[in-house]
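Given next are the chains, with one letter for each unit.
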Amino acid sequence: MSGAGAALEARGVSIRYPGAPAPVLADLELAVAPGEIVAVLGQSGVGKSSLLRVLGGLQKPSSGRVLAGGADLAAPHPRVAVAFQDPALLPWLTLEGNVAFGLDFRRQPKRSAAERRALVDAAIAEVGLEAARRLHLAALSGGMAQRAALARCLAREPDVLLLDEPFGALDEVTRAAMQALLLKVVARRRAAALLITHDVDEALNVADRVVLLGGAPARVVGVWRVDLPHPRDGAIAETGALRIEILTALRSAVRRH
Amino acid sequence: MSQAAVPAGAEGAAAGGTAVRQLRARSYGAVYGAVGLAALVAIWWAAIEFGSAPGSFARLFAPAAAFSSLIELASGSDLWTHIALSLKRIAVGLGLAVLIGVPVGLAVGASKALDAATTPAFQLLRMISPLSWMPIAVMALGVGDAPIYFLLTFAAVWPILLNTAAGVRALDRRWLLLAESLAATRWEVLSRVIVPGVTGHVLTGVRLSIGILWIVLVPCEMLGVSAGLGYFILDTRDRLAYSELAAVVLVIGALGFLLDAAARAAHAAWSPKR
């Protein structure tokens, strides 16, 4: 878990809400390397989403530091993209408009209109939505909307992808397709991805490393390396043992909470 | 890729079926609407035919006389001048109401304190009939278009202001969080998320305002101006041209109907995407 060469790093991060007697999260050390997928597991309310907001620069930690590409992260960074639980597409824009949303913001890297169009085209192609690019939100299925939200992240060519249970609301088949897409994208772009989830199977399916948060205040209570090739559907024996180990740790973390 | 193409195609087909159903529903609506309008003319005719003595002056208001006067008026230029002037006043009143109502509504919607401070005052002002300001407006602004613009703006601003504020309060917090995560400036949040996010609400306000404007316009034009449909009503009365008076009433109704239809269309053009 050394931070050398990490795309995203949390050093001694604590999160305490004003007025709360104790922090929700204490002394968190976490580093994600380029091309690596780290899954953060923990039961509901453990502070996973707060952690993601802090790592995305949307919220300041009460102590500790967050570094993106070795530099302190004080505000949302153009190279750190966040995908939320909900696709949060803007209903007045087409799918294409949603993917392009934010690319021309003043604090984003300067790009010409042609460059922006090329990025949007590539991102839409990457998630396989060329046929739907002119559609509005009402005409999109849940899976398509989530793909569009991922494309919106990818269009910015992020070094870091922060994903807050983005596949939670999808059916099994769509979720598996989205997980495969995430693996492909991370491998191709060498992005560092941090996936917040409460689903052990999802963590074991995609992650190179699984980090379990537990206790109150929450700390890292376990880290597992998953050195298995993708796709892992067939590796039931190997993932099965890990699964039991993680579930046991998760249950005892819940008891301590 | 194929996974995306299949649902997209299916959605397209479903949308086609919906369009046909909508078209059918709309043509049913148009037929029933036409029957209703015909019934209205029949009641008008029957009320005059059976409710007044032959040769009495009420007969001058009959549909046949009104429609022939309407054709006559439409072939001249007077009626069109009055219509153009009235529509211009509506446009100015609505434009000013939007210019004032939208920014104030945005501010009131964004600030709980401002909302609490202004709600009683706005509700009080809103409930004062705009026409009761008329003598004050004329005293303060003189005769002519200025008091009319003031009264129309005053009448139209409330639905726009209050709907805009409601729109801001109904904004999806996730859109704001998204903009923040994309490092948006305050101006970008306002122009790219808040303004488009409340447009549907603003258009609802505009539609309500147009209805109010049209109703307030006619009496406003009865005071201190020498053109416009309200003035024209009084002019036909003074000339004892009663069939023309009935024709102008018809024109006022028809134009109001069209204005409302235009406002509905603008609202519908924005809302199916939501």
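Residues numbered from 1 in each chain as written. Chains lettered and ligands numbered in written order. Predicted model: local features only at pLDDT ≥ 70, side-chain atom pairs only at ≥ 80, totals over all residues.

As a further point, take the overall build of chain A. When helices and strands are tallied, chain A shows seven helices and 10 strands. For 257 residues, the compact-globule formula gives about 18 Å, and the C-alpha radius of gyration of chain A, at 18 Å, lands near that figure. Looking at chain A as a whole, 45% of its 257 residues qualify as buried. The contacts in chain A between residues at least 6 apart in sequence include a share of 70% that link residues at least 24 apart. (Helix = DSSP H or I, 4+ residues; strand = E, 2+ residues; numbered from the N terminus. Rg over C-alpha atoms; globule rule 2.2 N^0.38 Å. Buried ≥ 20, exposed ≤ 12 C-beta atoms within 10 Å, placed from the backbone. Contact = placed C-beta atoms within 7 Å.)

Take the environment of A:Asp208 next. Residue and element names in this part refer to chain A. As for its placement among the helices and strands, Asp208 is situated in the loop between helix 6 (200-206) and strand 9 (209-214). By C-beta crowding, Asp208 is classed as partly exposed, having 17 other C-beta atoms within 10 Å. Along the primary structure Asp208 and Val226 are separated by 18 residues, whereas in three dimensions their C-alpha atoms are 5.0 Å apart. Asp208 has contacts with Glu36, Ile37, Val38 and Val226, leaving out every residue within four places of it along the chain.

Further remarks concern the confidence of the model for chain B. Residues and elements named next belong to chain B. Summary statistics for chain B give a mean pLDDT of 88 and a share of 93% for residues scoring 70 or more. Model confidence for chain B, summarised as mean pLDDT per element, is weakest for helix 1 (residues 2-51) at 75 and strongest for helix 3 (residues 78-110) at 95. Predicted confidence is poor over residues 1-13, with pLDDT under 50, and the contacts of this stretch with residues over four places away or in other chains come to 15 contacts. (pLDDT = per-residue confidence, 0-100.)

Residues and elements named next belong to chain A. Of all five residues in strand 7 (residues 160-164), five are buried; the element is thus mostly enclosed. Residue alternation in strand 7 divides its side chains into two sets, Val160, Leu162 and Asp164 and Leu161 and Leu163, and both sets are buried. Pairing of strand 6 (residues 80-83) with strand 7 involves four bridges; the strand directions are parallel. Paired with Val80 across the bridge in strand 7 is Val160. (Pairing = 2+ DSSP bridges.)

Residues and elements named next belong to chain A. Summarising the sheet, strand 1 (residues 8-15) and strand 2 (residues 25-32) pair through five bridges and their orientation is antiparallel. Bridge assignment links Ala10 to a residue of strand 2, and that residue is Leu30. In terms of strand pairing, strand 1 meets strand 4 (residues 63-68) through five bridges, oriented antiparallel. Note that in strand 4 the partner of Ala10 across the bridge is Val66.

In an α-helix, one turn spans 3.6 residues, which is why side chains three or four residues apart end up on the same side. Residues and elements named next belong to chain A. Along its 18 residues, helix 5 (residues 172-189) runs 26 Å from first to last C-alpha, staying within 8% of the 26 Å computed at 1.5 Å per residue. Buried residues of helix 5: Arg175, Met178, Gln179, Leu181, Leu182 and Val186, and no others. Projected onto a plane normal to the axis of helix 5, the buried residues spread over an arc of 165 degrees and lie on a single side. For helix 5, the exposed residues lying more than 90 degrees away from the buried face are Val173, Ala187 and Arg188. Elements in contact with the buried residues of helix 5: strand 3 (37-41), helix 4 (142-154), strand 8 (192-196) and helix 6. Looking one or two residues past helix 5, Arg190 carries a phi angle of roughly 55 degrees, positive in sign. (Expected span 1.5 Å × (residues − 1). Arc of directions from axis to C-beta.)

Residue and element names in this part refer to chain A. Spanning 14 residues, helix 3 (residues 113-126) covers 20 Å between terminal C-alpha atoms, matching the ideal 20 Å at 1.5 Å per step. Listed as buried for helix 3 are Val120, Ala123 and Ile124. Summarising the axial view, the buried residues of helix 3 lie within an arc of 100 degrees, below the 170-degree limit, and thus occupy one face. Opposite the buried face of helix 3, by more than 90 degrees, sit the exposed residues Ala114 and Glu115. The elements touched by buried residues of helix 3 are helix 2 (95-100) and helix 4.

Further remarks concern the sheet that holds strand 4 of chain A. Residue and element names in this part refer to chain A. Spatial strand order, 2-1-4-5: four strands in an open sheet with antiparallel pairing. Here the strands that pair on one side only, and so sit at the sheet edges, are strand 2 and strand 5 (71-72). Inspection of the sheet shows strand 4 paired to strand 5 by two bridges, in the antiparallel sense. Paired with Ala68 across the strands is Ala71, a residue of strand 5.

Next up on the list: the sheet that holds strand 3 of chain A. In sheet architecture, strand pairing relies on hydrogen bonds along the backbone and comes in two forms, parallel and antiparallel. Residues and elements named next belong to chain A. Within the open sheet, the six strands sit side by side as 6-7-8-3-9-10. Their pairing is mixed. This sheet does not close on itself; its edge strands, each paired only once, are strand 6 and strand 10 (219-225). This sheet shows a mean twist of 20 degrees between the axes of neighbouring strands, independent of strand direction. (Axes fitted to C-alpha atoms, helices over the stretch in contact; angles between N-to-C directions.)

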